[in-house]
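# Working through the structure, step by step
One-letter residues, chain by chain:
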Amino acid sequence: MTSGGGRRVLVLGGVSMAIALAMTYAGGFLLGRVPYPPAGLAAIIIRSTPGDLVTAFIERLQHWAMILLGVLVHAGVIGLGAIMSSVVHRAEGPSRKARRALASAALLLVLASGFALLAPEAFSISAIAVYAISAAVFARLVAEVPLLSVLDPELRAGQTPLDAMRSSRRRFIVRGLGAAGGLVLGGLAVSRFLSRKSPMNVSIAGADEKFVRPPDDTDFPKLEGMTPEITSNDAFYTVDINPFSKPSVDHETWKLEVSGEVNTPYSLTYRELQEDFEVVEMVHTLTCISNEVGGDLISTAVWRGVRLKDVLERAGLAEGVIDIVFRASEGYSDSIPLAKAIEDTTLVVFGMNGVALPRSHGFPARIIVPGIYGMKNVKWLTKIEAVNHDYQGYWMVRGWSDLARVKTQSRIDVPSDGRSVGLPAMLGGIAWAGDRGVKQVEVSQDGGKSWSPAVLKREMSELTWRLWAAEIEPGKGTRRVLVRAMDKEGEVQESRTTRPHPNGASGYDAVVFEVE
Ligand SMILES: Nc1nc2c(c(=O)[nH]1)N[C@H]1C(S)=C(S)[C@@H](COP(=O)(O)O)O[C@H]1N2
Ligand SMILES: [Mo]
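Residues numbered from 1 in each chain as written. Chains lettered and ligands numbered in written order. Predicted model: local features only at pLDDT ≥ 70, side-chain atom pairs only at ≥ 80, totals over all residues. Heavy atoms only, no water.

### A closer look at the overall build of the protein chain
- Looking only at helices and strands, the protein chain has 11 helices and 19 strands in total.
- Out of the 516 residues belonging to the protein chain, those deemed buried represent 52%.
- Partitioning the intrachain contacts of the protein chain with sequence separation of at least 6 by distance along the chain shows that 74% fall at a separation of at least 24.
- Of the roughly 24100 Å² of accessible surface on the protein chain, a fraction of 59% belongs to carbon and sulfur atoms. (Helix = DSSP H or I, 4+ residues; strand = E, 2+ residues; numbered from the N terminus. Buried < 20%, exposed > 50% of the residue type's maximum accessible area, 1.4 Å probe, protein only. Contact = heavy atoms within 4.5 Å. Areas by Shrake-Rupley, 256 points an atom, 1.4 Å probe, with all protein chains shown as cover.)

### Some thoughts on the site of ligand 1
- If you check the shell around ligand 1, you find 19 residues, and the closest are Tyr 237, Glu 330, His 361, Arg 366 and Lys 379.
- Here Glu 330 contributes a side-chain N or O atom positioned 2.7 Å from a nitrogen atom of ligand 1.
- Side-chain polar atom of Arg 366 to an oxygen atom of ligand 1: 2.7 Å apart, as the coordinates give it.
- For ligand 1, the accessible surface in isolation is 530 Å², of which the surrounding protein chains cover 99%.
- The pocket occupied by ligand 1, as judged from atoms lying within 2 Å of grid points, is the largest cavity.
- Residues that form the shell around ligand 1 fall into these classes: 11 nonpolar, 4 polar and 4 charged. (Near = heavy atom within 4 Å. Polar contact = N/O pair within 3.5 Å; in protein donor to acceptor, adjacent residues only side chain to side chain. 1 Å grid on protein atoms, 1.4 Å probe; cavity = no way out; pocket = protein on both sides within 12 Å on 5 of 7 lines; lining within 4 Å. Sits in = over half its atoms within 2 Å of the grid points. Nonpolar A, V, L, I, M, F, W, Y, C, P; charged D, E, K, R; others polar.)

### Structural notes on helix α10 (residues 308–315)
- Listed as buried for α10 are Leu 308, Asp 310, Val 311, Leu 312 and Ala 315.
- Phi for Gly 316, located one or two positions after α10, is positive at around 75°.

### A look at the environment of Glu 385
- Secondary-structure assignment places Glu 385 in strand β10 (residues 381–387).
- Each C-alpha atom, one on Glu 385 and one on Arg 327, is 7.9 Å from the other, the two residues being 58 residues apart in sequence.
- Excluding residues that lie within four positions of it along the chain, Glu 385 makes contacts with Ser 259, Gly 260, Asp 323, Ile 324, Val 325 and Arg 327.
- Here the side chain of Glu 385 touches Arg 327 through a polar contact of 2.8 Å, side chain to side chain.

### Considerations on the sheet that holds strand β11 (residues 409–414)
- Taken together, 4 strands build an open sheet; the order of strands is β11-β13-β17-β16 and the sheet is antiparallel. Whereas interior strands pair on both sides, the edge strands pair on one side only; in this sheet they are β11 and β16 (455–456).
- Both β11 and strand β13 (residues 426–432) contribute to a ladder of 5 bridges, which runs antiparallel. Bridge pairing in β13 places Ser 410 opposite Ala 431. (Pairing = 2+ DSSP bridges.)

### Here we look at empty space enclosed by the protein
- Enumeration according to the criterion identifies 3 cavities of 30 Å³ or more in this entry.
- Taken as a whole, the largest cavity spans an internal volume of roughly 390 Å³.
- No other element matches helix α3 (residues 51–61), which puts 3 residues into the lining of the largest cavity.
- By residue class, the composition of the lining of the largest cavity is 18 nonpolar, 6 polar and 4 charged.
- Two domains each donate at least three residues to the lining of the largest cavity, and these are domain 1 (3–144) and domain 2 (255–398).
- The space that makes up the second largest cavity amounts to roughly 100 Å³.
- Lining the second largest cavity we find 14 residues, and of these Asn 291, Tyr 373, Gln 409, Trp 432 and Ala 505 sit closest to its centre.
- Here the residues of the lining of the second largest cavity sort into 7 nonpolar, 5 polar and 2 charged.
- Lining the lining of the second largest cavity are residues from two domains, each supplying at least three of them: domain 2 (255–398) and domain 3 (409–515). (Points joined across faces, edges and corners; volume = space filled by probe spheres on them. Domains from an automatic or database assignment.)

### Here we look at the nonpolar core
- Counting 78 residues, the largest nonpolar core has Leu 273, Val 311, Phe 326, Val 348, Ile 384 and Trp 395 as the members making the most contacts within it.
- If sequence neighbours within four positions are ignored, Trp 395 has contacts with Val 54, Ile 241, Tyr 332, Met 375 and Trp 400.
- By size, the runner-up hydrophobic cluster in this structure holds 20 residues, among which are Val 421, Val 443, Ala 454 and Val 515. (Core = buried A, V, L, I, M, F, W, Y, C linked by side-chain atoms within 4.5 Å.)

### A short note on unusual backbone geometry
- Cis peptide bonds are those with omega within 30 degrees of zero, and the linkage from Phe 363 to Pro 364 qualifies with 10°.
- Its location among the elements puts Pro 364 in the loop between β8 (355–356) and β9 (366–368).
- Pro 415 follows Val 414 through a cis peptide bond whose omega is -10°.
- Mapped onto the secondary structure, Pro 415 falls in the loop between β11 and β12 (420–421).
- Phi angles above zero are rare outside glycine, and Ala 404 is one such case at about 50°.
- Within the secondary structure, Ala 404 sits in the loop between β10 and β11.

### Describing the pattern of salt bridges
- Scanning the model with the defined rule gives 23 salt bridges in all.
- Here Lys 376 makes a salt bridge to Asp 402, at a shortest N to O gap of 2.9 Å. On the criterion of sequence distance, the pair formed by Lys 376 in the loop between β9 and β10 and Asp 402 in the loop between β10 and β11 is long-range, its members being 26 residues apart.
- Taking the relative accessible area as the measure of exposure, Lys 376 reaches 0% and is therefore buried.
- Asp 402 sits in the partly exposed class, given a relative accessible area of 26%.
- The salt bridge partner of Arg 436 is Asp 487, with a shortest N-O separation of 2.7 Å. You can see Arg 436 sitting in the loop between β13 and β14 (438–444) and its partner Asp 487 sitting in strand β18 (residues 477–487), a full 51 residues away along the chain.
- Given a relative accessible area of 0%, Asp 487 falls into the buried group.
- Each of Asp 216, Glu 229 and Lys 457 takes part in salt bridges that share partners, so that together they form one network. (Salt bridge = Lys/Arg side-chain N within 4 Å of Asp/Glu carboxyl O.)

### Comments concerning the environment of Arg 436
- Assessed through its relative accessible area of 6%, Arg 436 is described here as buried.
- When near neighbours in sequence (up to four residues on either side) are disregarded, Arg 436 contacts Arg 405, Val 406, Lys 407, Thr 408, Glu 462, Asp 487, Lys 488, Glu 489 and Glu 491.

Structural data, given as C-alpha cells:
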C-alpha cells in the first residue's frame, strides 16, 4: 500500500468515527437519553482522577475545563477510529472479503447501538471499542464496495474505489466532513424543535398562588456592579459531573421512588409530587463546596417545592434510620442525616424563580437542603431512600466532607480588583452563612489592621446571602480592602486561608484598587 493509501485509510476511519458519533449524538436528541460514549469516557476520566485535582481543574477553568476535556476525548476517539481503520485495512486482503466485512459491520453497528442504549458509562469503553471497529470496517467498505458508491459518485464501473478516491480525495474528505456537520446541524435542529417540550413550558403547582415575598429594602444604597439579590435562572451557577450534556428526563413518565427502611414504600408522579403535599416557597442561597474565596459558584433563587419531611412521613420511617439517600437519573447520589432531612426547610423542589426547574438545575425535581454545600442538593432526583447506616455519596468517596456545612463567608464585588476610583464611592458585596443568617459584616481598608462595620441590606431570609456596602475612606493611593462576616450564632469568618478540598475554602476576600 502506498503511504497515500495509508493516509487515506486513516482519514476514512476518522471520518467514519466522526459520523458514527454525530449520529449517536443526534440520536440522543431524538430519543431522549441515549448514552453518548465519549461523555461516558470523560466521566470515567473525571471519576478516576483524584477529587482535589478535578476540582482544582474545574474551578480554575470552569466550563473551559469541560470543553478542553471534550476536545481531547473526541480527538482520542476519532484517532482510535483512524488507527483501527488502518489496522483492519492491513489485516485483510482485497475486496474478496467485502461481504464478510459488510456482515460484521452491520453486526457491530447493531451491537454498538445496543451498548449505547443500554449502557451508561460502564460500557462506554467497550462501546468506543466497538465504534472504532465498526468505523474501521465501515471505512474499509467505503473503500471496497461499489454499493457504497453513493458516498462517492465518482466511482464508476471499471474504476477501483481506491483509484476513484485517489482522484477525488479532497472532495471525499470534504463530503465526509460535510455529512458529519450536516448530521450535527440536523441533530441541533431536532433538539430545538423538541425543546418546545422543554421544562420551560411545563406549568407547575402554585403558579397562581401568592407567596410571601419580603419587601425590598429601599434604604440600602444602589451600587453599580453589585450582585443582584435573586439570581436569574440563566445566570445561576451550575456544577455537575455530566460532561457535554445534562440529563434530560421526561416528566410525564418520571417517577420518584420513596423506599428503603420505610413501612410502606411508594412512588410519586410529577403531578402527585405537586398535588399531594403542601407547596412551599423559600428563598435560599446555594453554593458549591469547591467555590474559591471570592469565587462565583454561589447564587440565590426562590425555590418552590414540598417538604421532604411530608414525603417521608407518608412512607413511614422504620426504626434505626440514619441517613436519607438521594439518587439521580445519571447515577449521582448523596445523603444527609435524618435530622437534617426532616427540617422544615429541606425541600423536594420542582420550581425555581416561578417556573419549572430548568433542565440544568435538575428538572423535574431536586433536593434543596439549607446550610449544606451544593453537592448534597441532588438534581434529577429519581429515588429517596432511607438507610440504617452512614451513606457515603459521590464526592464523599472522593474525600470531600460528609458534613459539608456551609462556612461563614463574604465577597467584595465593588470595586473590582485593579480599578481606579474617585471619591466619594462605595464598597459592596455579599456575605453568607448557610442557614445561620448573617449578623454582621466588617471591612478593613488598611490591609487588615483595623475593621469597621458595613451597612447590611435587610435579608430576604436567614437562608440567603446578605448584601453589604461601606463608604470608601478618604485618602489617595493604593488601597487593599478585606472583608469578613459574622453569622447569627456569633461565629466569625475564618481568617486562615484554606483550599476548597475537603471542607470548603476559607480566608478573607481582598481587592486592591487605586483611590484618585
Ligand atoms: N444529580 C446530580 N446532582 C447534583 C450534582 C451532580 O453532578 N449530579 N452536582 C452537585 C453539585 S457539586 C452542586 S454545587 C449543585 C449545583 O446545583 P446547580 O447546578 O443547580 O447550581 O448540584 C449538586 N447536585
Ligand atoms: Mo458543588
